[in-house]
Structures are given as C-alpha cells and as structure tokens.
Amino acid sequence: MDITEVPVSEDSKGKKKKNKKPKMKSKAGNGEAEKKQQEVVVVENMEKSEPAFPPSFSVSEIKNKQRRHFMFMKLKQEKRKQKMQLKKKKKKEREALGDKAPPKEVPKTIENQRVYDETVVDPEDEEVAFDEGTDEFSAYFNGLTNPKVLITTSDRPRGRTVRFCEQLATVIPNAHVYYRRGLALKRVIPQCIARDFTYLIVINEDRKVPNGMVLCHLPDGPTAHFKVSSVRLRKEMKRRGKDPTEHSPEVILNNFTTRLGHSIGRLFAALFPQDPQFVGRQVATFHNQRDFIFFRFHRYIFKNEKRVGIQELGPRFTLKLRSLQKGTFDSKFGEYEWVLKRHEMDACRRKFQL
Amino acid sequence: MMADSSRLCSVWLGSETGILKGVSLGRKQAFNFCNTRQLSRDQEVRALCWADPAQSELLLGSVDGTVRTFSTEKGAFTEARRCGEPAEGCFTGLAALSGSATVTCVECGTLRVWREDSSEPATQLHAGQNVCRMRQSPVHRHKVATGGKDNPLKIWDLQRPESPAFTAKNLRDDWLDLRRPHWVRDMAFIPDSDKVVTCTGYHQVHVFDPASPQRRPVLEVEYGEYPLTALSLPPGGQSVVVGNTHGQIAVLDLRKGAVRGCLKGLAGGVRALQCHSSQPVVASCGLDRFLRVHSLEDRKLLHKVYLKSRLNCVLLASREEAGQTAGEAGSQEVKEEEEDEVWDAMERVEEAPKRKTTTEEEEEEQEEEEVKKKSKKKKKKKEAFED
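Conventions and cut-offs
Residues numbered from 1 in each chain as written. Chains lettered and ligands numbered in written order. Predicted model: local features only at pLDDT ≥ 70, side-chain atom pairs only at ≥ 80, totals over all residues. Heavy atoms only, no water. Helix = DSSP H or I, 4+ residues; strand = E, 2+ residues; numbered from the N terminus. Contact = heavy atoms within 4.5 Å. Areas by Shrake-Rupley, 256 points an atom, 1.4 Å probe, with all protein chains shown as cover. Buried < 20%, exposed > 50% of the residue type's maximum accessible area, 1.4 Å probe, protein only. Buried area = accessible area lost by both parts, 1.4 Å probe. Salt bridge = Lys/Arg side-chain N within 4 Å of Asp/Glu carboxyl O. Polar contact = N/O pair within 3.5 Å; in protein donor to acceptor, adjacent residues only side chain to side chain. UniProt positions renumbered as here; feature names shortened; annotations may be inferred. pLDDT = per-residue confidence, 0-100. Pairing = 2+ DSSP bridges. Axes fitted to C-alpha atoms, helices over the stretch in contact; angles between N-to-C directions. Core = buried A, V, L, I, M, F, W, Y, C linked by side-chain atoms within 4.5 Å. Parallel < 35°, antiparallel > 145°, perpendicular 65-115°, else oblique. Left-handed = near helix turned anticlockwise from the far one by under 90°. Patch = residues over 30% accessible without salt bridge, like charges linked within 9 Å, V, L, I, M, F, W, Y side chains within 5 Å. Expected span 1.5 Å × (residues − 1). 1 Å grid on protein atoms, 1.4 Å probe; cavity = no way out; pocket = protein on both sides within 12 Å on 5 of 7 lines; lining within 4 Å. Points joined across faces, edges and corners; volume = space filled by probe spheres on them. Nonpolar A, V, L, I, M, F, W, Y, C, P; charged D, E, K, R; others polar.

Caption draft 1: Quick peek at the overall build of chain B. Broken down by element type, chain B carries four helices and 28 strands. Contacts spanning at least 24 positions in sequence make up 43% of the contacts within chain B whose residues lie at least 6 apart. With the model as given, the accessible surface of chain B reaches about 18,500 Å², and the carbon-plus-sulfur share is 46%.

Rendered as structure tokens:
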C-alpha cells in the first residue's frame, strides 16, 4: 500500500519525493475513487509536517496546488497561533506591571510610514513664498478678481452627469452650466476669457457616469486633469439636509503639504469667493489623503462652545490628480508641470505626491 | 563666502523667479545667487551661457531684456546690460564671441551682436518670426543657427549677416499633398562635422548637413507623441539626448535612427538638457523643480536635487568634476595593474571563496591546491581581488 511506502521516502530530501508521490499514487490507484486519494494525501501531509523540513524549503516550491494550499493554510495558522500567544503574554506582563508598564506602541500605518518628501513646503521659506505669491493665482489671492466659473461636460452628457453638473453649480457660487454641443475647448477658452470667466470646469463622462474633470484657471493659468470616482448625488445621500442656499461656503483644504499639493490647493481655493465674514453655515472640504482628494459639502451648527453638529448636503466625490499643465488646456502642445506616471510613481506604497 | 560657494558649483541653473542657482554635486549642496530683496518675475532667466572658454563668467538673459554677467570667481553679478525691449519677446539664445562681444536673439527674430563698449548693436539681422532657439557652433564661433515655429533652420555666418549661409527646406508634403507643419524647438551642432541636429514640436528629430546638396533633413527620427523641447549631444557624437513636454527623456542613436533608451524620473516638462563635455553624464531640469543628473551608460539616476522654483536653463561646468574623476581614474589604473601581475604569476586557479585578502603568499598556497572548473574560479578570484 502506498501509505507504508511514504514514511521511508520522507526522511530524505523532502522536495523531490513529494513530487514523485502523486505519480506513485496514480499508478496504484487509477481505478480507486478520488476520495481515497485525498484521504491518502491528507494522511501523508499530516505525517509530513512532523519531521523537520530541510532549511531552504518554502511552501511555494510544492508543485501540487492542493497540497501547496493546504501547507500554506497550515503555515498561516501556525503563525497566527504564535502571534496570539505573544499577544497574550504581553497582555499578562502589562497587567502584572500595572502602573509601571511601558506606554502602548503606536501602530504603523501607511501615513505614518510615508517616505520623506523633500518638496514639502516649509512655511518660512522665502523663495517658495515668493514663487507662490507671484504665480497665476496672485490676482485672486490679492483680492483683485472674483471667481466666475463655467461648468460644462463632454459631448452629449447623460442623466447622472447632467444632474451632477447642476448640483456642482449650486455648491460653487457664481457658477454657470452650459451645454457642450460639440464645441472645441480651445475655441471655448478665448470666449470665456472675453466674458471674464476665471475658471472652466469640464466634466468628462464615460458610460453615463462622470469619470474625469478638467479644471482650467482662465487667464493663462494652470490646467489640472483629475480622475473622478465615487460620485454620490444628493438624493443618494442618507440623512442629508435641505438644499444649499446661495451663501458662499467656507473652504477647508486638508493635508496639502508638498509643493504640488500647494498648487492644487490654491487651485481649489480660487474657485470660491474670498469673504472673511462667514455668512451661512456651509463649508466645502477638500481633504487629501494618500493622493486622493475627497470633496464633501456640509452645513454646520455650533451647539455650544465645544460641540458642533453637521449635516451633509450636496454631492460628494473623490478626485485623483492625473496631470497639471502649465498653460490653459492644450493637451497636445502644452507643457506639463506634473504628470502621473503610474509605473514610476505608484511603485512604492508609501510615497505620495500631493 | 559667496565666492567660495560659487567656485565649488559644478552645475548652474536659471530659474523662473530670477534666481541663479549653483549646485555642487560632490558636496550635495545648492546655493542661490541673487538679491533677495529684489526678486521679481521680470528677472526670469531665459538664457544662460558661458562668457568665455575658461568658464569663469556666466551670461544670463532675463525677460526684461537685460543681460547680466556673473563671475564665478567673485560670486557676484558684475555687470548688467540692456540688450533689447521686453516687448520684442524673451531671449531665445545667448552666445559669447571672442573679443568680449555678445550675441543675443529674441523671440521676434532680431539677432544682435553687442560689443563691450557701445549700447547699440554692432550687427543686427532678422531671422524670421517666432524664433524658438539660437545656438552657437562650438567649433566656428561666428556661426549661429536659429529656428522656430514655421521658421526653418537657418545657419548664419556673423561676418556676412545679409543672408543665411544655409536655410533648411521643409519636409516633403505628406501623402495628402498637404504642407507639413514645421516647428524647430532646439538645435545643436555636431562637433566633428558641419551637421546640425534639430528637434521639433512635432516629435521629430532631424539631422541637416549643409555640406550635402540636399537642404532637406538627412535623417529623421520620431520619438513619442509630445513636443520635444530640449536637445543635447553627448561627447561621442553618435547619439543625441532629447526631452519632451511630458518629462520623457530619451537617448536616440543617430546612425540608425532608433531609440537607445529612456531616462526615467522626470515628472514635468523638460526645459533644458545638458550633457557633460567629457563624462557620460547628462543634467536635466524642468518644470517639476528638480535637477536630475543621469548617467548615460546605464541610464541610472545619479543625483536628484530639489530647487524650489521652476528651472529654465542649465549649464555644466567641466572643471570641478575633473578633479574628482582624475583621482578615481588613478586608483582604478592601479588596481588593474595589480590584477594583471597576479594573472601572469598564476598558472592554476581554484577555490578561494570567502577570503578577501590578496597577499602574494596566499595566492601561491592556493595555486598548489587542486584545480576545478577554471572559469568559475576565475570569477571568484576576481571578486576576491576587487574586494
């Protein structure tokens, strides 16, 4: 019987014998039912685990998928068991020490382990301050212009995109929605400039769902191209408040630390009019985490000094920057200030650009 | 203090904020040379070149039409000169002639030669509209080339400024009999011959030969889908390094017209490229505010420096690096001599796996032992010696 032969071959080099075992079995048990073979396999595997493996052996070298899977599951269970034992031990030690126990260690997260980025803006840096102070948004940040936004879509938009554009227009004050009707963007832009628009937003649609956004600052400003995902329109949101009013919202920009992040942050900030006296308790938040920008729109109310109640209104969506171009929209001949190159930039999980 | 730091710098860059930056790669330090109180966007540096072959002075051309001279010995700007109006466009080329004369070219096409003393140009010629770049031939200092959008490559001899010495012809009409658009972005003179390499905004690289009777390009290579903005020639003369607006830098072979490889890392458009005159090293700078130095042999990134403004032009100094490499080359030669002696002395080779010492006695002992496969052992021996 096969079972008696197996222990003999196990003692010597485990790898090769394991490969031979299925062949031996198939010779002997062609006519046998598969269940019996599996039982044999299981028995063999159980017998295998007890003797020590040769030191250079790893689970991935077993050619048989079923056995390899089984061995891997066993390995994981072993590891988990050891980890639980370690945890229990540590907990006991901690309780035993009582007050003198060392403080709990901070768990490692991807944000904690972020690779040091040398382009992070230092607030006291004169050169960067000068660069920012004189870039294309200086007219807005010095209070000279008021934003006026034109929202449009790619050609022939379908239902969701149209509704998304309408809702965006309620969120951004002084925004106008126009139908695209097959017009070329390069011809639209001079007309917008002539009519004093400061921003052009184009929502790109694919299969009836918005999936891209081109945000172009108008006189000669940078153009950002984003990938849009997770769009939730107003009626899909749970526990939402009433529709937003005409007041201009406050803007919160979270976590834009690097130089590129600063440029994008300023791009978003210049969409909304600057008004230090907040009227209407509405706030638009652009939160950057791991290079994804989450947009939320809330209404807040201070219940007392320490507690705030918020109601989410308005659409929510997620953006990921794909490219930032220096002039106005010109995808063929324009100069790009930053382009997402997936194979180079997404290779490291702990490195972020914004 | 400034003079010391300026003497160390091996790479000079001009930025959009008007700051001249010097970087010392050996010490990994970057210095800004500017008047901090007087920063303004008008002083955006558009053209940068060496004022003399000894590389002790730099010429900077700014957007407001002034050409400033910076001395690397003193570490300060020595003079400034008004060479044109900002209304004519930015500087697209700066070159220095023997006898302390400067050649400047602006976007509207006016090419002027300025002498040291007078404020009027000594020679002036018109090179067409929309000139994108002007370059001087390193061999014949009085020859310059200009090219631009719908403005074909023209080679001018400054001693005869009436008409160009060579005007390139546009490519043949395409298969629909339409005129091919033409946009020369950058050019360079190939050192040992009369030929000129240009790169265009329609992602082509052309080689023109003024000596040959045809005025159309001798060689045409296409790379990528985006306009090529910068070009540089490595010292071999058989290849060319080009960069485009997407941040892709590639080394193209001029003999066959094929892409040899790409240099990775840039995230923004390339504004300027410069190959070192003796070492296989290329420096690139662009809109992503980084200076990157790649090695041309294995196309790996050697240095990456963050400089906080967008960079417009880059210049490499040939002297500081020379000091370092002379030392390295010397030690390498010594090592090779030792290896040769050892090989000659030995007849048989065999195992010496982990011994890292390389004394003569040990070699003799090893020689007395048995021989196994020679090639493997030779390799192991070499590792031992190199350690």
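Caption draft 2: Local environment of the overall build of chain A. What chain A contains, in helices and strands, is ten helices and ten strands. The buried share of chain A, reckoned over its 354 residues, is 40%. For chain A, contacts bridging at least 24 residues in sequence account for 65% of all contacts bridging at least 6.

Caption draft 3: Fine view of the interface of chain A and chain B. On the chain B side, the residues contacting the 25 residues of chain A number 38 residues. Across the interface of chain A and chain B, roughly 2,600 Å² is buried in total on both sides, 50% from carbon and sulfur atoms. Seen at the junction of chain A and chain B, the total is seven salt bridges. On inspection of chain A and its partner chain B, the count reaches 16 residue pairs in polar contact (both at pLDDT 80 or more). At the level of elements, α5 (126–133), β10 (336–339) and α10 (342–345) of chain A are the ones that each hand at least two residues to the side of chain A that touches chain B. Sorting elements by how many residues they give to the side of chain A that touches chain B places α5 of chain A first, with five residues.

Caption draft 4: Inspection of the UniProt feature "repeat: WD" (unreviewed entry) in chain B at higher detail. Taking the UniProt record as the reference, the feature "repeat: WD" (unreviewed entry) is found at residues 144–166 of chain B. Helix makes up 0% of residues 144–166 of chain B and strand 57%, whereas the separation of the span's terminal C-alpha atoms amounts to 11 Å.

Caption draft 5: Structural view of the confidence of the model for chain A. Of the residues in chain A, 84% reach a pLDDT of 70 or more, and the chain-wide mean stands at 83. The low-confidence segment residues 1–34 of chain A (pLDDT under 50) makes 33 contacts with residues lying over four places distant or belonging to another chain.

Caption draft 6: Quick peek at the sheet that holds strand β25 (residues 281–286) of chain B. Residues and elements named next belong to chain B. In space, the four strands of this open sheet follow the order β24-β25-β26-β27, with antiparallel pairing throughout. Since the sheet does not close on itself, it has two edges, and those belong to β24 (270–275) and β27 (301–306), each with one partner. Strand-to-strand twist of the sheet, defined as the mean angle between neighbouring strand axes without regard to direction, takes the value 15°. The pairing of β24 with β25 spans five bridges and is classified as antiparallel. In the strand pairing of β25, L273 is matched with S284.

Caption draft 7: Fine view of the nonpolar core. Counting residues in each nonpolar core, the largest one holds 43 residues, and the members touching the most others are I172, I201, F226, I264, F268, L271 and I293 of chain A. Those residues within four positions of I172 of chain A in sequence are excluded, and the remaining contacts are V149, I201, L271 and F272 of chain A. Core analysis: the next-biggest nonpolar cluster, separate from the first, contains 17 residues, I190, L228, V242 and L254 of chain B among them.

Caption draft 8: Layout of the environment of K100 of chain A. Residue and element names in this part refer to chain A. Counting through the fold element by element, K100 comes out in the loop between α4 (65–97) and α5. You can call K100 exposed: its relative accessible area is 70%. Distance from K100 to F297, taken between C-alpha atoms, is 46 Å for residues 197 residues apart in sequence.

Caption draft 9: The arrangement of the packing of α5 of chain A against helix α9 (residues 259–269) of chain A in detail. All names here are of chain A. Put simply, α5 and α9 touch, their axes get as near as 12 Å, and they point 30° apart. On the basis of their axis angle, the class for α5 and α9 is roughly parallel. Crossing of α5 over α9 shows right-handed handedness. Residues V128, D131 and E132 of α5 touch α9, and the partners they reach there are R259, H262 and R266.

Caption draft 10: Structural detail: the confidence of the model for chain B. Residue and element names in this part refer to chain B. When pLDDT is averaged across chain B, the result is 80; 81% of the residues are at 70 or more. When mean pLDDT is taken per element in chain B, strand β22 (residues 249–253) scores highest with 92 and helix α3 (residues 360–368) scores lowest with 47. In the predicted structure, residues 321–336 sits below a pLDDT of 50 and forms six contacts with residues beyond four places in sequence or in another chain. Every residue in residues 353–372 scores below 50 in pLDDT, and together they form 31 contacts with partners more than four places removed in sequence or on other chains. Predicted complex, confidence summary: ipTM 0.75, pTM 0.76.

Caption draft 11: Quick peek at a nonpolar patch on the surface. All names here are of chain A. Where nonpolar side chains cluster on the molecular surface, the patch consists of F72, M73 and L75 and spans about 240 Å² of accessible area. Topologically, F72 is positioned in helix α4. Judged by its relative accessible area of 37%, F72 is partly exposed.

Caption draft 12: Region of interest: the pairing of strand β4 (residues 209–217) of chain A. Residues and elements named next belong to chain A. Burial of β4 is extensive: seven of the nine residues sit out of reach of the surface. Relative to β4, strand β3 (residues 199–206) runs antiparallel, the two being bridged by eight bridges. Looking across to β4, one finds that V202 is bridged to V214. Hairpin geometry of β3 and β4 is characterised by an intervening segment of two residues between the two adjacent antiparallel strands and by a positive phi of about 55° at R207. With five bridges connecting them, β4 and strand β5 (residues 223–232) associate as antiparallel partners. Residue pairing across strands places L215 opposite A224, the latter belonging to β5. As consecutive antiparallel partners, β4 and β5 are separated by five residues.

Caption draft 13: α4 of chain A, seen in detail. Residues and elements named next belong to chain A. Compared with an ideal rise of 1.5 Å per residue, which puts 33 residues at 48 Å, α4 spans 48 Å between its outermost C-alpha atoms and is within 8% of the ideal. The N-cap of α4, judged by a side-chain oxygen 3.0 Å from the amide nitrogen of Q66 a few residues on, is N64. G98 sits one or two positions beyond α4 and adopts a positive phi of about 70°.

Caption draft 14: Fine view of the sheet that holds strand β17 (residues 196–200) of chain B. All names here are of chain B. Strands sit in the order β16-β17-β18-β19 across an open sheet of four strands; the sheet is antiparallel. Strands at the two margins of the open sheet, each flanked by one partner only, are β16 (184–189) and β19 (219–222). Adjacent strand axes in the sheet meet at a mean angle of 20°, parallel and antiparallel pairs treated alike.

Caption draft 15: Geometry of the layout of surface pockets. Empty space within the second largest pocket amounts to approximately 570 Å³. Every residue lining the second largest pocket is counted, 24 residues in all, and those nearest its centre are K351 and Q353 of chain A together with F290, R292 and K304 of chain B. Counting only elements with at least two residues in the lining of the second largest pocket, the list comes to α9, β10 and α10 of chain A together with β26 (290–295) and β27 of chain B. Split by residue class, the lining of the second largest pocket holds ten nonpolar, three polar and eleven charged.

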